[in-house]
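A closer look at the structure
So you can see what is in the structure, the chains are spelled out below.
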Amino acid sequence: MRASILLLALAAPVAAQERTAPFVVAETGQGYASIDEAVTAIRDDDATILIAPGTYRQCTVQTGGKILFKARQPGTVIFEKTVCEEKAGFVLRGRGSTIDGIVFRGYAVSDGNGAGIRHEMGDLTITNSMFLDSQEGILGGGHETVRRVSIDRTTFAGLGQCETENCSHAIYLAVDGEVSVTRSRFERGTGGHYVKLRARRVNITDSSFDDSAGKKTNYMIDLSEGGAGLIARNTFVQGKSKDNHSGLIVVAAEGRTYPSSGLRIEDNVASMAPGAPPNPAFVADLSGSTIELSNNRLSGMRAFERR
């Protein structure tokens, strides 16, 4: 009986922490008052941080480990406005990072690249999350440890700008590997491109790009330095308030770093919002490669243009 009482007493503090602390490391049960304290405690381990519902004006820098940031209830965890290192709400340069069910909103910094996430090292997975009303949604890559970025069931709205020297975008990633964007939604852009990638391979499928309420936007998808892969089963609506309305999907506008031969663009649906500038190119190619277009249903635009 005494042993049972002792065990209950020892367990009580951990249980109490899980009930009261907003940030709990699942593997240890230890609770923390701030996201950065929880991240720092993980060091270079693999761990999950469970986050209680709430609106948090906090930021964090992950410098090691492989961390899953998981909302206890998807959509109820909101990080807003506060940035670390004048970059983003979450600055990620560990061995890997996963974001599940979190909302990021309201980020701005002086250089125009205020983002929900600045991704600097390791692979990144994002699912069931939202990036709202910021200069940028996700920015990063460019490091040799970044080989794959996967984004699924995530919403991007009210993002992008070209008021500073360099434009910002809903997604802007440089990955000498693969970027996958699936079952996601892009809408109400405020400048720049919706998806801007410098990637060897892309997989952009089953997503929607609704530019009907966009302002000063450019391309839906910009494969800046080429790239192969698949763009399929997406829905595009080209809006009327464009800084550049000449194309929806543009390949190799800034260089031919990655081969584009065999890039497949198929089974997409694209139309024009009322008042949108007429006759853009659905696909504009500057790579000179063979791009495979098939079964795209287009209204009010040309299927292809070689530049």
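None of these values were measured; they are calculated from a predicted model.

Reading the values: rules and limits
- Residues numbered from 1 in each chain as written.
- Predicted model: local features only at pLDDT ≥ 70, side-chain atom pairs only at ≥ 80, totals over all residues.
- Heavy atoms only, no water.
- Helix = DSSP H or I, 4+ residues; strand = E, 2+ residues; numbered from the N terminus.
- Rg over C-alpha atoms; globule rule 2.2 N^0.38 Å.
- Buried < 20%, exposed > 50% of the residue type's maximum accessible area, 1.4 Å probe, protein only.
- Contact = heavy atoms within 4.5 Å.
- Areas by Shrake-Rupley, 256 points an atom, 1.4 Å probe, with all protein chains shown as cover.
- Pairing = 2+ DSSP bridges.
- Arc of directions from axis to C-beta.
- Disulfide = S-S within 2.5 Å.
- Phe/Tyr/Trp six-rings, centres within 6.5 Å; stacked < 30°, edge-to-face > 60°.
- Polar contact = N/O pair within 3.5 Å; in protein donor to acceptor, adjacent residues only side chain to side chain.

Moving on to the overall build of the protein. Scanning the protein from terminus to terminus reveals two helices and 30 strands. Taking 307 residues into account, the globule formula puts the C-alpha radius of gyration at 19 Å, and the protein, at 21 Å, falls close to it. Based on the C-alpha atoms only, the size of the protein along its principal axes is roughly 80 × 35 × 35 Å. Going through the 307 residues of the protein one by one, you find that 56% of them count as buried. Sequence-distant contacts, at least 24 apart, represent 69% of the contacts inside the protein between residues at least 6 apart. With an accessible surface of roughly 12800 Å², the protein has 50% of that area assigned to carbon and sulfur atoms.

Pairing between strand S7 (residues 77–80) and strand S10 (residues 102–105): four bridges, direction parallel. Note that in S10 the partner of Glu80 across the bridge is Arg105. The pairing of S10 with strand S13 (residues 130–134) spans three bridges and is classified as parallel. Across the sheet, Phe104 pairs through a bridge with Phe131, a residue of S13.

Glancing now at helix H2 (residues 35–42). Because an α-helix packs 3.6 residues into every turn, residues spaced three or four apart end up facing the same way. Of all the positions in H2, only Ile35, Ala38, Val39 and Ile42 are classed as buried. Along the long axis of H2, the arc covered by the buried residues comes to 95°, so they all point the same way.

Attention now moves to the state of the cysteines. Scanning the model with the defined rule gives two disulfides in all. Across the disulfide, Cys59 is cross-linked to Cys84 (sulfur-sulfur distance 2.0 Å). When the S-S torsion is 85°, as for the bridge of Cys59 with Cys84, the disulfide is right-handed. Of this pair, Cys59 sits in the loop between strand S4 (54–56) and strand S5 (60–62) while Cys84 sits in the loop between S7 and strand S8 (88–92); the two residues are 25 residues apart in sequence, bridging distant segments of the chain. We classify Cys84 as buried; its relative accessible area is 12%. There is a disulfide in this structure between Cys162 and Cys167, and the S-S distance comes to 2.0 Å. Between Cys162 and Cys167, the S-S dihedral sits near 120°, and the bridge is therefore right-handed. Look at Cys162 and you get partly exposed, because its relative accessible area is 24%. Bonded cysteines in the protein are paired 1-2, 3-4 when counted in the order they occur along the chain.

Our focus in this paragraph is the side chain of Thr60. With respect to the helices and strands, the residue Thr60 is situated in strand S5. Residue Thr60 is classed as buried on the basis of its relative accessible area, which comes to 0%. If we skip the residues at most four places from it in the chain, Thr60 touches Ile35, Asp36, Val39, Cys84, Gly89, Phe90 and Val91.

A separate point is unusual backbone geometry. Here the phi dihedral of Arg43 falls at roughly 55°; this positive angle occurs in a residue that is not glycine. Since its relative accessible area comes to 68%, Arg43 is described here as exposed. In this model, Asn128 sits at a positive phi of 55°, which is unusual for a non-glycine residue. Along the chain, Asn128 turns up in the loop between strand S12 (123–127) and S13.

A full pass over the atoms with the stated rule returns 13 aromatic pairs. Relative to Phe104, the ring of Phe79 lies with its centre 6.2 Å away and its plane at 25°, an arrangement referred to as stacked. Pair noted here: Phe79 is in strand S7 and Phe104 is in strand S10, with a separation of 25 residues, a long-range link. By the burial criterion, Phe79 is buried, and Phe104 matches it.

We now examine the environment of Asp36. Secondary-structure assignment places Asp36 in helix H2. We classify Asp36 as partly exposed; its relative accessible area is 30%. Along the sequence, Asp36 and Gln62 sit 26 residues apart, while their C-alpha atoms lie 8.1 Å from each other. When neighbours within four sequence positions are excluded, Asp36 is seen to be in contact with Cys59, Thr60 and Val61. Reaching out from Asp36, the side chain makes a polar contact with the backbone nitrogen of Val61 at a distance of 3.3 Å.

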